[in-house]
Amino acid sequence: MDHTKRDRHNTESVVEGDINLTPARSQWLQNEVSEETKELLEKDAKYFMHQSMSTPCLDVLQNCEGSHMISVSGKKYLDFHGNNVHQIGFSHPKLVARLTEQLQNLTFSTRRYANETAVRFAEKLTSYTPKGLNRILLTPNGSSAIGIALKLARAITGKHKVVSFWDSFHGASLDAISVGGEAVFQEHMGPLMPGVERIPPPITYRGIFEGNEDKALEYLQYVLEKDHQIGAFLAETIRNTDVQIPSKKFWKSARELCTKHGVLLILDEIPIAFGRTGTMFAYELFDIEPDILCLGKGLGGGIIPQAAIVTREEYNKFGHISLGHYTHEKSPLGSIAGLTLLEVLEEENILQKVKEDEEFMKKALYKMHRKYSLIGDVRGVGLLWGIELVTDRTTKEKATAEAEEIMYECLKQGLSFKVSKGNVLQLSPPLTITREELEKAFEILNCAFLKTNAIA
């Protein structure tokens, strides 16, 4: 099957992420991929279901270590995407050793039995959250953490409705896409879960409330005042995909509105917790506390699927219903992975390192912004940054073809990252990345921009 041919659905899906179906895809296959790799990619396309933003695959991996992925043909990529699981890099030696040791002991914990590893993990995780935010449930993936949070909110408030943002992403299961706001996940899926009220997000670049968070707050207040069946406000503290960062004023006001109207604040930090922003949790940047916190992705150290929700002590009153009840709920392997992740963050002083790396990336990206007219906006925090590409800085027309051209040029030179919303280069390197590797990444980026004649 020729994946490079566009169909009528691609026009819509291109605004959600990179679909790598431009002519650059054909050139990549023809010039950059070995025959062995082509054969494996063809088999991959034969056996796996095709889906937006996952198909077609770019290469075939053989190994991953530290900041790099290595293909079967020996090509090394600096991975600035990592599906947001690589806070401590790939195959961290301490985590590999801990998992190996765990495999020699308890490998599975059947329901209704406790295990010491899960208890130690829960104790460690809640040592980082505010006093009173100390009850957890574990689950294998982020989508199910969102599902648990939604069920818990209904049980606590007795209300079934939830407010969320358009363009938000909270997972790929049916309940998660029902509360999410990305169109590509909802096509052909209706009817979705009822009771979801979506509102425009506060963003600084593009959008109907561009640069006017007060209007976004006014909209939230209006909805909460009008609909008394709303029991929860679910939001990404920082939108990961295209790196949208609300102000402290916005979040403190939103927290106050939730408290005033008896609405639970559920913060989705599945992709951005554990040091990505220079703090253990992103909400710390805004001096707020959630009622329910959803965690995942990097919680498993980039090896084991592991997610969790953390909530308040006073909400621990539903022993008569099943809120999660997942088979691998208290997985010894997932628990040792989470416990080790937290220990590595401490032992290697990762939070401080991220703050120092933030200054480096900020300086390098702002320099690129001044140099290349193709860059309309740069935004970020910690080691999460977005470069928004436009064909014209005045009209802000999305430079989608150019974004993919730059992506493929970077891939050729050994740098991998995600393109979000069709025109935002999202840079999310491992938190353990060295300064030398960061400098190398920016050399590659600058080279790719120069090849697109993007100089201002």
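Cut-offs and rules
- Residues numbered from 1 in each chain as written.
- Predicted model: local features only at pLDDT ≥ 70, side-chain atom pairs only at ≥ 80, totals over all residues.
- Heavy atoms only, no water.
- Axes fitted to C-alpha atoms, helices over the stretch in contact; angles between N-to-C directions.
- Helix = DSSP H or I, 4+ residues; strand = E, 2+ residues; numbered from the N terminus.
- Parallel < 35°, antiparallel > 145°, perpendicular 65-115°, else oblique.
- Contact = heavy atoms within 4.5 Å.
- Nonpolar A, V, L, I, M, F, W, Y, C, P; charged D, E, K, R; others polar.
- Pairing = 2+ DSSP bridges.
- Disulfide = S-S within 2.5 Å.
- Buried < 20%, exposed > 50% of the residue type's maximum accessible area, 1.4 Å probe, protein only.
- Phe/Tyr/Trp six-rings, centres within 6.5 Å; stacked < 30°, edge-to-face > 60°.
- Polar contact = N/O pair within 3.5 Å; in protein donor to acceptor, adjacent residues only side chain to side chain.
- Left-handed = near helix turned anticlockwise from the far one by under 90°.
- Salt bridge = Lys/Arg side-chain N within 4 Å of Asp/Glu carboxyl O.

A. The packing of helix H8 (residues 213-226) against helix H9 (residues 248-260), seen in detail. Their axes nearest at 10 Å, the elements H8 and H9 cross at an angle of 10°. Considering their axes alone, H8 and H9 lie roughly parallel with respect to each other. Of H9, the residues touching H8 (which contributes Glu213, Asp214, Ala216, Leu217, Leu220, Gln221 and Leu224) are Lys249, Phe250, Ser253, Ala254 and Leu257. Tallied by class, residues from the contact of H8 with H9 come to 7 nonpolar, 2 polar and 3 charged.

B. Representation of the side chain of Ser144 in the model. By secondary structure assignment, the location of Ser144 is in helix H6 (residues 142-157). When sequence neighbours within four positions are dropped, the list of residues in contact with Ser144 reads Thr139 and Tyr326.

C. Highlighting the sheet that holds strand E2 (residues 68-71). With respect to topology, 4 strands assemble into an open sheet ordered E1-E2-E3-E13, the strand pairing being mixed. The two strands at the open ends of the sheet, each matched to only one other strand, are strand E1 (61-65) and strand E13 (415-416). Inspection of the sheet shows E1 paired to E2 by 4 bridges, in the antiparallel sense. Looking at E2, one finds that Asn63 is bridged to Ile70.

D. Summary view of the state of the cysteines. For the structure on display, the rule yields 0 disulfides. The closest cysteine sulfur to the non-disulfide-bonded Cys57 is located on Cys64, 15 Å from its own sulfur. Among the residues examined, Cys57 registers a relative accessible area of 28% and is labelled partly exposed. Summary of cysteine pairing: Cys447 is not part of a disulfide, and the nearest cysteine sulfur, belonging to Cys410, is at 8.9 Å. The partly exposed category is assigned to Cys447, whose relative accessible area is 34%.

E. Summary view of the packing of aromatic side chains. Across all of its chains, the model carries 11 aromatic pairs by this definition. An angle of 35° between the planes, with centres 6.2 Å apart, marks the rings of Phe233 and Trp251 as tilted. One end of the pair, Phe233, is in strand E7 (residues 230-236); the other, Trp251, is in helix H9, and 18 residues separate them in sequence. Here the two residues Phe233 and Trp251 agree in accessibility, since each one is buried. Pairing Phe360 with Phe442 gives two aromatic rings, centres 5.9 Å apart and planes at 80°, and the pair type is edge-to-face.

F. Region of interest: unusual backbone geometry. Here the amide bond leading from Thr55 into Pro56 is cis, since omega sits at -5°, within 30 degrees of zero. In this structure, Pro56 sits in the loop between helix H3 (35-47) and E1. Looking along the chain, the bond that leaves Gly190 and enters Pro191 is cis, with omega of -5°. With respect to the helices and strands, Pro191 occurs in the loop between helix H7 (174-179) and strand E6 (196-199). Here the phi dihedral of Lys396 falls at roughly 60°; this positive angle occurs in a residue that is not glycine. Structurally, Lys396 is set in the loop between strand E12 (384-389) and helix H12 (400-412). By relative accessible area, which is 18% here, Lys396 ends up buried.

G. Local environment of the environment of Asn84. Among the structural elements, Asn84 can be located in the loop between strand E3 (76-79) and helix H4 (93-103). Counting along the chain gives 186 residues from Asn84 to Ile270, while the straight-line C-alpha distance between them is 8.6 Å. Within the local environment of Asn84, its side chain forms a polar contact with the side chain of Asn240, the two groups lying 3.3 Å apart.

H. Just the packing of helix H2 (residues 23-31) against H12, in detail. Where H2 meets H12, the closest approach of the two axes is 9 Å, and the angle between their N-to-C directions is 15°. As judged from the angle between their axes, H2 and H12 are roughly parallel. For the pair H2 and H12, the crossing hand works out as right-handed. Each of Ala24, Arg25 and Trp28 in H2 lies in contact with H12, whose residues at this interface are Tyr408, Leu411 and Lys412. Class assignment of the residues belonging to the contact of H2 with H12 gives a composition of 4 nonpolar, no polar and 2 charged.

I. Region of the structure containing the pattern of salt bridges. On inspection of all chains with the given rule, the structure shows 26 salt bridges. Its salt-bridge partner being Asp227, residue Lys161 comes within 2.8 Å of it at the nearest N-O pair. Remark: Asp227 occurs in the loop between H8 and E7 and Lys161 occurs in strand E5 (residues 161-165); sequence separation between them is 66 residues. What makes Asp227 buried here is its relative accessible area of 15%. Salt-bridge contacts for Lys353 lead to Asp357; the nearest nitrogen and oxygen are separated by 2.4 Å. On the criterion of helical spacing, the pair formed by Lys353 and Asp357 is a turn pair, its members being 4 residues apart in helix H11 (residues 350-371). Each of Lys94, Arg98, Glu343 and Glu347 takes part in a single network of salt bridges with overlapping partners.

All we've got here are geometric facts, nothing functional implied.
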